[in-house]
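Listed below, chain by chain, are the residues.
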Amino acid sequence: AALRAAGGKAQRVAGDEGVFIARKLAIHGGDLGFVGEIVEVDTATIRAALESGAIPVVSPIGADRSGQRYNINADTAAGALAAALGVAAYVAVTDVMRVRMDRADAASGIARMTLAEAERLRARGVFADGMLPKIDAALAAVRGGVPRAFICGAGAGSVRAAFAGAGTEIVP
């Protein structure tokens, strides 16, 4: 509704209708129910929407080949979709201006890091809670060929500000 109110042509795209081919997420020692992981992304429906001038709004639901539906983390779905589309940049909008070395210290924000640096920090446990799926999605996008990934704060002009250096940029 907000996209349409702003003059955009939004188009609903159901992720479980062939966009996200998924399987049940296997975890050691437990069962998360109908939580899945993406095994393949088919961009045909998304590309058709874009070519028609629409802004695709994609639900983060996947399905396996038999039609069983699975919930996919929205950040994970966005990063996989960005890589599959080969976009020029991936942007995740969140409640903090930058990814932080210390979650409690706004002054510890990271302006830019390489994929290797981000992977080292991730392995050290620097990123946690809600930031972890955003980092993982950004890393997946960059690993998948997206040249730049940004994680930035929300609000009017925040995406433009991220491209100007206000957010965290991750590069190959």
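Everything discussed here concerns the structure shown above.
Numbering of residues starts from 1 in every chain and runs along the sequence as written. Predicted model: local features are reported for residues with pLDDT of at least 70 only, side-chain atom pairs are reported and counted for 80 or more only, and whole-chain, interface and lining totals are derived from all residues. Only hydrogens and water are set aside; all other atoms, that is, all heavy atoms of the structure, feed into the side-chain values.

Caption draft 1: Highlighting the nonpolar core. Within this scheme, the nonpolar core is defined by two criteria: the residues are buried Ala, Val, Leu, Ile, Met, Phe, Trp, Tyr or Cys, and they are joined through side-chain atoms within 4.5 Å. For every residue, the accessible area (1.4 Å probe, protein chains only) is compared with the maximum for its type, and the residue is labelled buried under 20%, exposed over 50%, or partly exposed between those bounds. Tyr90, Val99, Met113, Phe127, Ile135, Ile151 and Ile170 are the most contacted members of the largest nonpolar core, which totals 23 residues. The set of elements that each furnish at least two residues to this core consists of β7 (90-94), α5 (115-123), α6 (131-143) and β9 (149-153). For this core, the leading source of residues is α6, giving seven residues. Those residues in contact with isoleucine 170 that sit more than four places away from it in its chain are Met113, Thr114, Leu115, Ala118, Ile135, Ala138, Leu139, Val142, Pro147, Arg148 and Ala149. By size, the runner-up hydrophobic cluster in this structure holds ten residues, among which are Val13, Ala22, Ile72 and Leu81. Strands are runs of DSSP state E lasting at least 2 residues, helices are runs of H or I lasting at least 4, and numbering of each runs from the N terminus. By definition, residues are in contact when any of their heavy atoms lie within 4.5 Å.

Caption draft 2: The packing of aromatic side chains, seen in detail. Here the aromatic set is Phe, Tyr and Trp, taking the six-membered ring for Trp, and pairing holds for ring centres within 6.5 Å; pairs whose planes are under 30 degrees apart are stacked, those over 60 apart are edge-to-face, and all others are tilted. Per the counting criterion, the structure on display carries two aromatic pairs. On the numbers, 6.5 Å between centres and 45° between planes, the contact of phenylalanine 34 with tyrosine 70 is tilted. Taken together, the residues span a long stretch of sequence, with phenylalanine 34 in the loop between β2 (20-24) and β3 (36-41) and tyrosine 70 in strand β6 (residues 69-71) at a distance of 36 residues. Looking at phenylalanine 34, the relative accessible area reads 54%, which means it is exposed. Its relative accessible area of 9% is what places tyrosine 70 among the buried residues. When the centroid spacing of 4.4 Å and the interplanar angle of 40° are considered together, the rings of phenylalanine 150 and phenylalanine 163 count as tilted. Remark: phenylalanine 163 occurs in helix α7 (residues 158-163) and phenylalanine 150 occurs in strand β9; sequence separation between them is 13 residues. Taking the relative accessible area as the measure of exposure, phenylalanine 150 reaches 1% and is therefore buried. Phenylalanine 163 gets classed as partly exposed once you look at its relative accessible area, which sits at 37%. Put simply, a charge is over a ring when the Lys NZ or the Arg CZ is close to the ring centre, within 6 Å, and near the line of the ring normal, within 35 degrees. If you follow lysine 24 out to its NZ or CZ, it ends over the ring of phenylalanine 34, 5.8 Å from the centre.

Caption draft 3: Molecular detail of the packing of α5 against α6. Note on definitions: angles span 0 to 180 degrees between N-to-C directions of axes, and those axes are lines fitted to C-alpha atoms, for helices only across the stretch in contact. At a minimum axis distance of 11 Å, the contact between α5 and α6 shows a crossing angle of 150°. On the basis of their axis angle, the class for α5 and α6 is roughly antiparallel. Here the hand of the crossing between α5 and α6 comes out left-handed. Across the interface between the two elements, Leu115, Ala118, Glu119 and Arg122 of α5 pack against Leu132, Asp136, Leu139, Val142 and Arg143 of α6. Any angle between 65 and 115 degrees counts as roughly perpendicular, while under 35 counts as roughly parallel, over 145 as roughly antiparallel, and the rest as oblique. What makes a crossing left-handed is the near helix being turned counterclockwise from the far one by less than a right angle; a clockwise turn instead makes it right-handed.

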